[in-house]
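Secondary and tertiary structure notes
One-letter residues, chain by chain:
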Amino acid sequence: MLNPYRAILGAVAAVIFLVFSGPALAQSCAWSGAATISTRAKAMTVDLTGCEMVQTLSYTLASNGGGARFKNITGALLDTAASFTDLAGNKFQYLPEGRMDVLQFGCLGDWDGSDATSADDLPCFRAANAFAVLRVGSVYPGAGGHWGGTVYVPSRSYKLCGDGNSPFTVDNAVSFEGEGSWTSTLRMCNAWNPSVHFVVGCLVSNQFACFSSTLRKMNLSADRDVSAGNRVFMYYSEATQHDGGLFEVNFFAGRRGCVWYRKGWGGASRVTLQKLECNAGGSNAMFVIGDYESSGMNVGSTQFFMYDITMGGPSSPNYQTQPGLVVFGGYGTFKTFHCEWMVNCATVYVPVPHANNYVQTFENMTASGSGGGPITCDAAISIVSGTVVASQIQS
């Protein structure tokens, strides 16, 4: 596959950037080759003829953190969310410096408790994901090439909404990384379809060869009073393979479940879920590994590693009426779990004929009771069918 950056970047020589403050910008660029402009929005309204490079200090509003560098090109732009065309029709391609930033694609992150007064950042998140996917080399990574990239999510609360009928998909080899699990928040709008997952790891329709689709250091949040359908989750995947997963992610899932890894299409997988916290209350399990249907898991050798997991149901309605973790298939290693305010921490239900083939290992799990509420902890682990090896379990 041809690297789309090769033709754009080439050998970019060092240039001197001049700060533009008036209509004579094109004349200044004629000898300097570059200019600095306050915002990308401003750059679109002036004639930048003669400019080889443009540096913006922000995206739409001053000091919003969305500044970026752009190169004048003659071909088609790779995207229109970060890149732009000026008043004279000159095309300026966005050039990521280090990690890409969602603010450079127009995200505002201005959710302050009200959906009505905040911007919809779903389009710019999708644009950033699509741009990251374009970062591919002409050689397959296994032969020394490269693909994908990391998109940085600065400390803010970003409302994602769109029409609420299609999830936000994190594609192959793309990682969205925030500043911390309490710091960079993706807020699901209240109008989101109650039967549609919020974030999806890899395209469901592909069902093959999706590697290293990840979320890191983020908080996914939904209103606890918004309804949710059965088997609907904040994060869902059935396609991601090796190196995919979630790392240092908090979930305030409302009535949804937090994570469902369903099938493992495409081949034997290794999926890691590490340092996660799930707060939910309703009729969905918090974490589900495998399929609810009798097939269990598409590939029997799929391995799941879940470490440092905290699961908490609410102490007032809506209560968590389902287990924290339900395992339907795969080989699972579950270490350092704490759960409270739910019927049990984990239920193992590996359907026949897989029961003797899938071994689940649990280590260092603590489960607490309801503290006087209507939901009591019946057991740390409930084994319906399947093989379990357990140690250091307390309830």
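Refer to the structure printed above.
The sections below set out a description of the structure shown in this document. (Residues numbered from 1 in each chain as written. Predicted model: local features only at pLDDT ≥ 70, side-chain atom pairs only at ≥ 80, totals over all residues. Heavy atoms only, no water.)

Observations concerning the pattern of salt bridges
- Following the criterion strictly, the structure yields five salt bridges and no others.
- Residue K71 is joined to E52 by a salt bridge in which the shortest nitrogen-to-oxygen separation is 3.7 Å. Taken together, the residues span a long stretch of sequence, with K71 in strand β4 (residues 68-73) and E52 in the loop between α3 (40-43) and β3 (53-58) at a distance of 19 residues.
- According to the relative accessible area criterion, K71 is buried, its value standing at 13%.
- Between D223 and R187 there is a salt bridge, and its shortest N-O distance comes to 3.8 Å. In this pair, D223 sits in the loop between β14 (214-221) and β15 (233-237) while R187 sits in strand β12 (residues 185-188), placing the two residues 36 residues apart along the sequence.
- The exposure class of D223 is partly exposed, given its relative accessible area of 23%.
- In this structure R187 comes out as buried when scored by relative accessible area, which is 10%.
- Each of E238, R262 and D291 takes part in one network of salt bridges that share partners. (Salt bridge = Lys/Arg side-chain N within 4 Å of Asp/Glu carboxyl O. Helix = DSSP H or I, 4+ residues; strand = E, 2+ residues; numbered from the N terminus. Buried < 20%, exposed > 50% of the residue type's maximum accessible area, 1.4 Å probe, protein only.)

Focus on the packing of aromatic side chains
- Tallying each qualifying case throughout the model produces 19 aromatic pairs.
- Ring centres 5.0 Å apart and planes at 70° place the aromatic pair Y261 and F304 in the edge-to-face group. Of this pair, Y261 sits in strand β17 (residues 257-261) while F304 sits in strand β20 (residues 303-312), and the two are 43 residues apart along the sequence.
- In this structure Y261 comes out as buried when scored by relative accessible area, which is 4%.
- Among the residues examined, F304 registers a relative accessible area of 1% and is labelled buried.
- Ring centres of F328 and Y349 lie 5.9 Å apart, and the angle between their planes is 85°; on these two criteria the pair is classed as edge-to-face. Within this pair, whereas F328 is found in the loop between β21 (325-327) and β22 (331-340), its partner Y349 is found in strand β23 (residues 344-349), the two being separated by 21 residues in sequence.
- Taking the relative accessible area as the measure of exposure, F328 reaches 7% and is therefore buried.
- Residue class for Y349 comes out partly exposed when judged on its relative accessible area of 37%.
- Ring pairing ties together the aromatic residues F70, F84, F92, Y94, F105 and F131, which thus form one cluster. (Phe/Tyr/Trp six-rings, centres within 6.5 Å; stacked < 30°, edge-to-face > 60°.)

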